[in-house]
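Inside the fold
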Amino acid sequence: MKRFEHINAKSVDEAAAILKAGNTSLIAGGTDILGAMRFEILPDYPEILVNLKTIPDLDYIKEEGGILKIGALTRLEDIAKSDLVKSKYTALADAAHHTASPHIREMGTIGGNICQLTRCWYFRLPDNRFDCVRKGGKKCYAMMGENRYHSIFGAVKGCVAVNPSDTAPALVALNAKIKTNKRTIETEQFWDMVKPGSTILEKDEIVTEIQVPTPPKGVISSFIKFAIRKSIDFPIVNCAAMIGKGEARICLNAVHNKPYRCINAEDMIRGKSINESNADSTGAAAIEKAKTLPGDRNKWKIQLARTMVKRAILGCA
Ligand SMILES: Cc1cc2nc3c(=O)[nH]c(=O)nc-3n(C[C@H](O)[C@H](O)[C@H](O)COP(=O)(O)OP(=O)(O)OC[C@H]3O[C@@H](n4cnc5c(N)ncnc54)[C@H](O)[C@@H]3O)c2cc1C
Ligand code: SF4
């Protein structure tokens, strides 16, 4: 690992000021950024890491005025175990619980989880070996190459990598907002293909809080994930849904560059009682616009996504 400077920030303002200067990056739990640095996968190696963990009062879970507020430094394990989150925001508690391993959940934060880098294996190859589109190069190596886990809803700005976060689809399904030191962003607007990152955050912008409106009584949310190795792996496809009282929000992830809201599927199930048959047809509607990449290696993900939507809906019954 190359040398870098490590600065313990005492406030969000101080961290933002350091971020503005030079080649800097934030570190929260460090479970993603340290791997990226160790294997030298980034086109620009950070010279300074700004530690957020030394900032007080960014680790909390509370409900205020009908809104669940979670500090950006809250660890995934605390979200998974919170009785408040489990009881009313079930999809988020389940998503946190199914993220990575117990050790990573004890270190990894919700802020880091939604800001983590893509897992595309060309992108992640040590020593920055593939100068792909997301790194500022001209070619996407996955497009015509090994793309079995890549997007089933097309490319964005020439990149077919998928968003790997488990909490992201739960936050979209629950209609959450993301507060930063500069603004409050609707979750659906938060992610984009921004070289080499995955969010629309500006260079000196820091996530400070996640805000989730309390679902009305009778509205149920659920989360489901398919991964190769259940104990630790990233999602191959995951899905969250929130359904009831005329409300329906369904979000797939790991299928596109950002969480994919299944609008036409939501329209099919909204206001209906849930059963096996309409959950199945709603799953089919969710993947209507899906298409495989050259070589058809990721075709299997389309059927998987359909099943994930069906099971997430049945989880809301
Ligand atoms: C073996 C392994 C398995 C994993 N499995 C999963 C999985 O199944 N599902 C899943 O979703 N993830 C998985 N992860 C990814 C990830 O490490 C964790 O999800 C974790 O939540 C990241 O949080 P962190 O605090 O450690 O982030 P860090 O590594 O500290 O940061 C990650 C990125 O987010 C930025 N960042 C951190 N906090 C903020 C903030 N407040 N504002 C702005 N930017 C910020 C950092 O600059 C960095 O770019 C896995 C990681 C590993 C190593
Ligand atoms: S999918 Fe994106 S990250 Fe992967 S090689 Fe193509 S451009 Fe790079």
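Presented here is an overview of the structure given in this document. Predicted, not measured: the structure shown is a model, and the values here were computed from it.

A separate point is the pattern of salt bridges. Counting across every chain of the model gives 28 salt bridges. Between Arg75 and Asp78 there is a salt bridge, with the nearest N and O atoms lying 3.0 Å from each other. Here Arg148 ties to Glu146 by a salt bridge, and the two come within 3.1 Å at their closest N and O atoms. Assessed through its relative accessible area of 24%, Glu146 is described here as partly exposed. Here the residues in one salt-bridge network are Glu188, Arg249, Arg261, Glu266, Asp267 and Arg270, joined through shared partners.

Neighbouring ligand 1 are 32 residues; Leu26, Ala28, Thr31, Thr109 and Asn113 lie closest to it. Note that an oxygen atom of ligand 1 is positioned 2.6 Å from one of the side-chain N or O atoms of Thr109. With respect to ligand 1, the backbone of Pro164 contributes an N or O atom lying 3.5 Å from an oxygen atom. Taken by itself ligand 1 offers 970 Å² of open surface, and the protein chains cover 90% of this.

Note that Val133 resides in the loop between helix H8 (121-124) and helix H9 (167-173). Judged by its relative accessible area of 11%, Val133 falls in the buried class. Setting aside residues up to four positions removed in sequence, Val133 forms contacts with Lys138, Lys139, Cys140, Lys157, Gly158, Met193 and Lys195.

What follows covers the sheet that holds strand S5 (residues 67-71). If you trace the five strands from one edge of the open sheet to the other, you get S4-S5-S10-S6-S7, paired in antiparallel fashion. Each edge of the open sheet carries a strand with a single partner, namely strand S4 (61-64) and strand S7 (184-186). Between one strand axis and the next, the sheet turns through 25° on average, direction left out of account. Here strand S6 (residues 177-180) runs beside strand S10 (residues 207-213); their pairing, made up of four bridges, is antiparallel. Each residue of the ladder has a partner; that of Thr180, found in S10, is Val207.

Right, let's get into the side chain of Thr99. The residue Thr99 is located in the loop between helix H5 (90-97) and helix H6 (102-107) in this model. Only 2.8 Å separates the side chain of Thr99 from the backbone oxygen of Ala95, close enough to count as a polar contact.

A word on the sheet that holds strand S11 (residues 220-226). Here we have four strands laid out as an open sheet, ordered S11-S12-S13-S14, and antiparallel in their pairing. Looking at which strands have only one partner, the edges of the open sheet turn out to be S11 and strand S14 (260-261). Bridge analysis of S11 against strand S12 (residues 237-244) gives seven bridges, and the strand direction is antiparallel. The residue bridging Ile220 from the neighbouring strand is Ile243, located in S12. Across the sheet, H5 is in contact with S11 and S12; its angle to S11 comes to roughly 25°. Across the face of the sheet, helix H13 (residues 300-314) comes into contact with S11, S12 and strand S13 (247-253) while running at roughly 30° to S12.

The rules behind each value
Residues numbered from 1 in each chain as written. Chains lettered and ligands numbered in written order. Predicted model: local features only at pLDDT ≥ 70, side-chain atom pairs only at ≥ 80, totals over all residues. Heavy atoms only, no water. Salt bridge = Lys/Arg side-chain N within 4 Å of Asp/Glu carboxyl O. Buried < 20%, exposed > 50% of the residue type's maximum accessible area, 1.4 Å probe, protein only. Near = heavy atom within 4 Å. Polar contact = N/O pair within 3.5 Å; in protein donor to acceptor, adjacent residues only side chain to side chain. Areas by Shrake-Rupley, 256 points an atom, 1.4 Å probe, with all protein chains shown as cover. Helix = DSSP H or I, 4+ residues; strand = E, 2+ residues; numbered from the N terminus. Contact = heavy atoms within 4.5 Å. Pairing = 2+ DSSP bridges. Axes fitted to C-alpha atoms, helices over the stretch in contact; angles between N-to-C directions.

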